[in-house]
Amino acid sequence: MISIRALIFAALLAFMAAPLHAADEILDAIDQGRKAYQSGNMGEAKQSLDLASQLIGQKNAEAFVAILPAPLSGWTAETAETSAVGASAFGASSATRRYTNDKGQDVEVQVTGDSMVIASMASFLANPQIVGAMGKLVQVGSLRALVNASGDVNMVVANKFLVAVQGSAPADAKMAYARAVDVAKLSKM
């Protein structure tokens, strides 16, 4: 039988033998793209840089999970899901979490970024006449938000992130989740 001391010693040896800086797959992809570009291989350069962009999108989506609120009192939360779509589809990284209560109602909160479309949505929210045609303009903290007839809430944060709150729950529950999103933290990303 191996003693705990021997296991700790073996773990320390393994840790010290590992490189201090694990390979960063984003930097590796960028470096491969740069090398391919310098050698004149444009196809490989583009593929490598597209890979780097996709990996960055995935990393952003994972960071968005921290922005999603904890379940409010009386609600449970499912595990957050992330996705990242490349630039060919206008690019977007997102994290989504679904919340349910014992009445069978649900709320889904989605944070999306890395998309060219979001900046144009910000201009819509800045224009009260346009928002009035699509729903109701409300303040959620310091942000303007669009609330539609179903009580779904959409707000743009820092002109680069979209927070969408929807589901079968009543409008007040959706608004409570919209207010629970850490927009201050999201603004700094």
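A brief look at the structure comes next. Residue numbering note: each chain is counted from 1, following its sequence as written. Local features in this predicted model are restricted to residues of pLDDT 70 or higher, and side-chain atom pairs are both shown and tallied only at a pLDDT of 80 or more, whereas totals for entire chains, interfaces and linings draw on every residue. Values reported for side chains reflect all heavy atoms of the structure, with hydrogen atoms and water molecules removed beforehand.

**Looking at the packing of aromatic side chains**
Here comes step 1: Between 30 and 60 degrees the pair is tilted, below 30 it is stacked and above 60 it is edge-to-face, where a pair is any two Phe, Tyr or Trp rings, Trp via its six-membered ring, whose centres lie within 6.5 Å. Inspection of the entire model under this criterion finds three aromatic pairs.
Here comes step 2: Taken together, a centroid distance of 5.7 Å and an interplanar angle of 85° make the contact between F64 and F161 edge-to-face. Of this pair, F64 sits in helix α3 (residues 42-64) while F161 is found in strand β8 (residues 161-167), placing the two residues 97 residues apart along the sequence. The burial state of F64 is the same as that of F161; both residues are buried.
Here comes step 3: With a centroid separation of 4.3 Å and 35° between ring planes, the pair formed by Y99 and Y177 is classed as tilted. Pair noted here: Y99 is in strand β3 (residues 92-101) and Y177 is in helix α6 (residues 171-180), with a separation of 78 residues, a long-range link. Residues Y99 and Y177 agree in their burial class; the two are buried.
Here comes step 4: Taken together through their ring pairs, the aromatic side chains of W75, Y99 and Y177 make up a single cluster. A run of H or I in DSSP counts as a helix once it spans at least four residues, and a run of E counts as a strand once it spans at least two, with each numbered from the N terminus. Classification of residues uses two cut-offs on accessible area relative to the type maximum, computed with a 1.4 Å probe and protein chains only: under 20% is buried, over 50% is exposed, and between them is partly exposed.

**What to know about the packing of helix α2 (residues 25-38) against α3**
Here comes step 1: Fitting a line to C-alpha atoms yields each axis, with helices limited to the stretch in contact; the angle taken between N-to-C directions then spans 0 to 180 degrees. Relative orientation of the contacting elements α2 and α3 amounts to 160°, with a least axis distance of 7 Å. Considering the angle they form, α2 stands roughly antiparallel to α3. The crossing of α2 and α3 is left-handed. On α3, the residues touching E25, I26, A29, I30, Q32, G33, A36 and Y37 of α2 are M42, E44, A45, S48, L49, L51, A52, L55, I56 and K59.
Here comes step 2: Each residue receives one of three labels: charged for Asp, Glu, Lys and Arg, nonpolar for Ala, Val, Leu, Ile, Met, Phe, Trp, Tyr, Cys and Pro, and polar for the others, Gly being one of them. Taken together, the residues of the contact of α2 with α3 sort by class into 12 nonpolar, three polar and three charged. Note on angle classes: values under 35 degrees are labelled roughly parallel, values over 145 roughly antiparallel, values of 65 to 115 roughly perpendicular, and the remainder oblique. Note on convention: the crossing is left-handed when the near helix lies turned anticlockwise from the far helix by less than a right angle, right-handed when the turn is clockwise. Whether two residues are in contact is decided by their heavy atoms: any pair within 4.5 Å suffices.

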